[in-house]
Amino acid sequence: MASPRTLYDKIWDAHVVRIDEHGTSLLYIDRQLVHEVTSPQAFEGLRLAGRTPRRPEANLAVPDHNVPTTDRHLGITDPVSRLQVETLGANCRELGIRIFDMADKRQGIVHVIGPEEGFTLPGITMVCGDSHTSTHGAFGALAFGVGTSEVEHVLATQCLMQKKSKAMLVSVDGELGRGVTAKDIVLAVIGEIGTAGGTGHVIEYAGDAIRALSMEGRMTVCNMAIEAGARAGIIGIDQKTIDYVRGRPMAPQGALFEQAADYWLSLNSDPGAAYDRVVHLDAASIRPQVTWGTSPEMVLPVDGAVPDPDEIPDPVKAGSYRHALAYMGLAPGTAIGEIPLDKVFIGSCTNGRIEDLRAAAEVAKGGKVAPSIKLAMVVPGSGLVKEQAEAEGLDRVFLDAGFEWREPGCSMCLAMNADKLEPGERCASTSNRNFEGRQGQGGRTHLVSPAMAAAAAIHGRFVDVREI
Amino acid sequence: MPMQPFENFRGIVLPLDRANVDTDAIIPKQFLKSIQRTGFGPNLFDEWRYLDRGEPGQSCVGRPLNPDFVLNDPKYAGADILLARHNFGCGSSREHAPWALADHGFRVLIAPSFADIFHQNAIKNGLLPVVLDEAVVDRLFELATAGDAPLTIDVDLHNLTLDAAGFGVIEIAIDPFHHHCLIHGLDDIGLTLTHADEIAAYEARRRTETPWLFAAAN
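Residues numbered from 1 in each chain as written. Chains lettered and ligands numbered in written order. Predicted model: local features only at pLDDT ≥ 70, side-chain atom pairs only at ≥ 80, totals over all residues. Heavy atoms only, no water.

### Some words on the interface of chain A and chain B
Argument step 1. In this complex, chain A contributes 86 residues to the contact, which on the side of chain B involves 63 residues.
Argument step 2. With both sides pooled, the region where chain A packs onto chain B buries about 6100 Å², and carbon together with sulfur makes up 54% of that total.
Argument step 3. By the criterion of area lost to chain B, the three top residues of chain A are Q41(A), M161(A) and Q441(A), representing 11% of everything that side buries.
Argument step 4. Seen at the junction of chain A and chain B, the total is nine salt bridges.
Argument step 5. Notably, a salt bridge pairs R18(A) with E198(B), separated by 3.1 Å at the nearest N-O pair.
Argument step 6. With seven residues, the single largest contributor to the side of chain A that touches chain B is helix 5 (residues 148-157) of chain A. (Contact = heavy atoms within 4.5 Å. Buried area = accessible area lost by both parts, 1.4 Å probe. Salt bridge = Lys/Arg side-chain N within 4 Å of Asp/Glu carboxyl O. Helix = DSSP H or I, 4+ residues; strand = E, 2+ residues; numbered from the N terminus.)

### Concerning the pairing of strand 4 (residues 128-131) of chain B
Residue and element names in this part refer to chain B.
Argument step 1. Here strand 3 (residues 108-111) pairs with strand 4 via four bridges, running parallel. Opposite I110, over in strand 4, you have V130 as the bridge partner.
Argument step 2. Handedness of the crossover joining strand 3 and strand 4 through helix 4 (residues 116-124): right-handed. (Pairing = 2+ DSSP bridges. Right-handed = clockwise from strand over helix to strand, strands pointing away.)

### Some details on helix 3 (residues 96-104) of chain B
Argument step 1. Within helix 3 of chain B the residues assigned to the buried category are H96(B), A97(B), P98(B), W99(B), A100(B) and L101(B).
Argument step 2. Buried residues in helix 3 of chain B make contact with helix 2 (40-48) and helix 5 of chain A together with helix 1 (23-26), strand 2 (81-84), strand 3 and helix 4 of chain B.
Argument step 3. Just past helix 3 of chain B, the residue G105(B) takes up positive phi, approximately 120 degrees. (Buried < 20%, exposed > 50% of the residue type's maximum accessible area, 1.4 Å probe, protein only.)

### Let's talk about the packing of helix 6 (residues 182-193) of chain A against helix 8 (residues 215-223) of chain A
Between two packed helices, what matters for the description is the angle formed by their axes and the separation of those axes.
All names here are of chain A.
Argument step 1. Remark: helix 6 packs on helix 8, axes separated minimally by 8 Å, with the N-to-C direction vectors making an angle of 25 degrees. The angle between helix 6 and helix 8 places the two elements in the roughly parallel class. Both helix 6 and helix 8 take part in a crossing whose hand is right-handed. Residues A182, K183 and V186 of helix 6 form the contact with helix 8, whose participating residues are G217, T220 and V221.
Argument step 2. Looking at the contact of helix 6 with helix 8, its residues break down into three nonpolar, two polar and one charged. (Axes fitted to C-alpha atoms, helices over the stretch in contact; angles between N-to-C directions. Parallel < 35°, antiparallel > 145°, perpendicular 65-115°, else oblique. Left-handed = near helix turned anticlockwise from the far one by under 90°. Nonpolar A, V, L, I, M, F, W, Y, C, P; charged D, E, K, R; others polar.)

### As for the sheet that holds strand 19 (residues 444-447) of chain A
Residue and element names in this part refer to chain A.
Argument step 1. Ordered in space as 17-16-15-18-19, the five strands form an open sheet in which the pairing is parallel. Strands at the two margins of the open sheet, each flanked by one partner only, are strand 17 (404-405) and strand 19.
Argument step 2. Bridge count between strand 16 (residues 375-378) and strand 17: two bridges; the pairing is parallel. Among the inter-strand pairings, M377 is bridged to a residue of strand 17, identified as E404.
Argument step 3. Helix 11 (residues 315-328) rests against strand 18 (426-429) and strand 19 of the sheet, and its axis sits at about 110 degrees to strand 19.

### Focus: helix 5 of chain A
Argument step 1. For helix 5 of chain A, the buried fraction is high: ten of the ten residues fall into the buried class.
Argument step 2. Among all positions of helix 5 of chain A, only T148(A), S149(A), E150(A), V151(A), E152(A), H153(A), V154(A), L155(A), A156(A) and T157(A) are buried.

### Details of the packing of aromatic side chains
Argument step 1. The tally for this structure, following the rule as stated, stands at 17 aromatic pairs over all chains.
Argument step 2. With centroids separated by 5.5 Å and ring planes inclined at 55 degrees, the aromatic side chains of Y263(A) and W212(B) adopt a geometry described as tilted. Of the two residues, Y263(A) is situated in helix 10 (residues 254-265) and W212(B) in the segment after helix 8 (196-209); the pairing between them involves two chains.
Argument step 3. Classification of Y263(A) as partly exposed rests on a relative accessible area of 22%.
Argument step 4. The class of W212(B) is buried, set by a relative accessible area of 4%. (Phe/Tyr/Trp six-rings, centres within 6.5 Å; stacked < 30°, edge-to-face > 60°.)

### Some details on the state of the cysteines
Put plainly, a disulfide is one covalent bond tying together the sulfur atoms of two cysteines.
Argument step 1. A complete count under the given rule lists zero disulfides over all chains for this structure.
Argument step 2. For the unlinked cysteine C90(B), the closest cysteine sulfur is that of C413(A), found at 14 Å.
Argument step 3. Here C90(B) falls in the buried class, since its relative accessible area comes to 7%. (Disulfide = S-S within 2.5 Å.)

### Focus: the pattern of salt bridges
Residues and elements named next belong to chain A.
Argument step 1. Counted under the stated rule, the structure contains 44 salt bridges over all chains.
Argument step 2. The salt bridge involving R82 is made with E86; its shortest N-O contact spans 3.9 Å. Placement of the pair is R82 and E86 together in helix 3 (residues 79-95), with a separation of four residues, close to one helical turn.
Argument step 3. Taking the relative accessible area as the measure of exposure, R82 reaches 34% and is therefore partly exposed.
Argument step 4. You can call E86 partly exposed: its relative accessible area is 46%.
Argument step 5. A salt bridge links E258 to R246; the nearest nitrogen and oxygen atoms lie 2.9 Å apart. One end of the pair, E258, is in helix 10; the other, R246, is in the loop between helix 9 (239-245) and helix 10, with twelve residues separating them in the sequence.
Argument step 6. You can call R246 partly exposed: its relative accessible area is 39%.
Argument step 7. Here the salt bridges do not stand alone but share partners, grouping E44, R47 and E94 into one network.

### Some points on the nonpolar core
Argument step 1. Counting 128 residues, the largest nonpolar core has Y205(A), W264(A), I110(B), L128(B), L132(B) and L140(B) as the members making the most contacts within it.
Argument step 2. Looking at which element gives the most residues to this core, the answer is helix 6 of chain A, with eight residues.
Argument step 3. For I110(B), the residues in contact, after removing those within four places along its chain, are I81(B), L82(B), L83(B), A84(B), V130(B), L132(B), L140(B), I153(B) and L162(B). (Core = buried A, V, L, I, M, F, W, Y, C linked by side-chain atoms within 4.5 Å.)

### Here's the deal with the side chain of E436(A)
Argument step 1. Tracing the chain through its elements places E436(A) in the loop between strand 18 and strand 19.
Argument step 2. A distance of 3.2 Å separates polar atoms of two side chains, one belonging to E436(A) and the other to R18(B).
Argument step 3. Ignoring any residue separated from it by four or fewer positions in sequence, one finds E436(A) in contact with T294(A), Y327(A), R18(B), E47(B) and W48(B). (Polar contact = N/O pair within 3.5 Å; in protein donor to acceptor, adjacent residues only side chain to side chain.)

### Some words on the environment of G366(A)
Argument step 1. Looking at the secondary structure, you find G366(A) in the loop between helix 13 (354-364) and strand 16.
Argument step 2. With 36 residues separating them along the chain, G366(A) and L330(A) place their C-alpha atoms 32 Å apart.

### A look at the confidence of the model for chain B
Argument step 1. When pLDDT is averaged along chain B, the result is 95; 98% of the residues meet or exceed 70.
Argument step 2. Per the prediction output, this complex has pTM 0.97; the corresponding ipTM is 0.96. (pLDDT = per-residue confidence, 0-100.)

### Points about the sheet that holds strand 4 (residues 59-61) of chain A
Residue and element names in this part refer to chain A.
Argument step 1. Spatially, the five strands line up as an open sheet ordered 5-4-3-6-7, and their pairing is parallel. At either end of the open sheet lies a strand with only one pairing partner, and these are strand 5 (98-99) and strand 7 (142-145).
Argument step 2. In this structure, strand 3 (residues 31-34) lies alongside strand 4, joined through three bridges in parallel fashion. Bridging from a neighbouring strand, Q32 pairs with N59 of strand 4.
Argument step 3. Docked against the sheet, helix 4 (residues 110-117) engages strand 3, strand 4 and strand 6 (125-128), running at close to 135 degrees with respect to strand 3.

Next comes the structure, spelled out in structure tokens:
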């Protein structure tokens, strides 16, 4: 009898085209998402070598990083950003790759539109020149970020040369408390294993608390697998997965869908499958999380206090903490709830989906953004998320509370467009990285869930959403 | 893109004493707006290296340098080996990070660990990432920062050794396929395309097994 295999093993095995004498596999890639920042040099490389895409229809492109979130009808004013977005359009039109341009209501963040359109499917291999491609693992797909050379490799060959990663199981057991979300789970996981904890691994998330998450929540958890060092996160396929995919525009339809669904459900990890590392977290003990430093592993529960580097025995870690505290303008021992905020950002591929906006709106409803907050902005993950939110009246809730309601895109998650922090400004953000300068040079980022971000906007500081 | 074969050399070590150096720090986002593959070197570590705010297209000549950043220390002028702490290159998948490092003149990166995507991107650009034990890295930091002269290392990729002055020979491990690619400067797309028949056979089989992956999308 065959030995038990993980979901990762099964997807991997189904995609190996050949194995060379060095033990490197040629892995078939079913789908590629393309955006404007990491693709121009790949298209140029193809052109210089006289090559064309092997399967143009296996790619879907969208501009997201550079697009403005206000006055969309005026186009992009920054000429450098505009050229990059125009270059994507020109490349896709020339090579027959489908693109949702800025005027298309389906435009949005690559990792939001892939699932939304049914371009992301269970059991597939998927890449994108973007590290948050791990998001799509929520569907039981093997999805990971690649560099531009590999974008070009996939365009030209529909394959990548890969060594198989190790497997890590992160089991979140039991039930989450009220007000504790997928974002808090993944921040707690990163706090537990560190930002390099998953290096060389694919993380499979399992356990009651993961099964109980919606597809949106699962996407949040897989999205930040990369912040735990793992190129890919993955979650077993169940009825929620199937129901989410059914009827999506690019998903198989009718009898073909039923055939696919049977296959997808056969891919889950077998009982007794082996993992190189297993980590257990108790869901009930996870509290709402807030990062205090410049790495996602520098994270605390909302009722915590900033650590003192002098009490850290490891000199490298203590040095990192000192750098982080200096950059963040925080003193050791400061309570998370005492940190004053300047701006609030709700959006990104981590937390820019409809459920995230509903959770934030529920907290914001009837409140007012605190006078000390200079800007609180909500940026939907896609045009369709925006449309849905407006149909539910969420835009009115945000606008009445004093939030700005913007057009879809990556926005202030990485500040490649006009949305950015000024030096020294401090932001509660639902994005994924609190690195130095990530949201603007000198800007200070605290990562939180959408509900925590909305509550921070109303109160001007971090409060425990479980107590409001 | 084909790359140059990796030649053995003697290099100068730049000690960057930080853990978790992320790709946003290596090359900040505003420079990712370029549609070129070259020219990122002057903006390598831009926010740590200069005291003003850097913008794409701006000349870096005459920008105020941060005297406290190690890259600006004259002792390490001409360094082509970067020594760092664990999890170097974490974060974004931007290949602009190895492009910037290579454009600046780095050829070898030494750390106790590298982030996965960065590691792959480095190899694709002819940069050699070397993983060494924490204790060895600690000792190399001591040697690199002591005295007035920089630490030099002889890099022999063919025999898989580093010979660090004052330390001795260190054997290095590297994936055999990566070793092969670096030494021969391979165009790996060209290499994959030599297996086009096998790719086509795979696709034909999958068309039967998983037809929904090949059906025309609506």
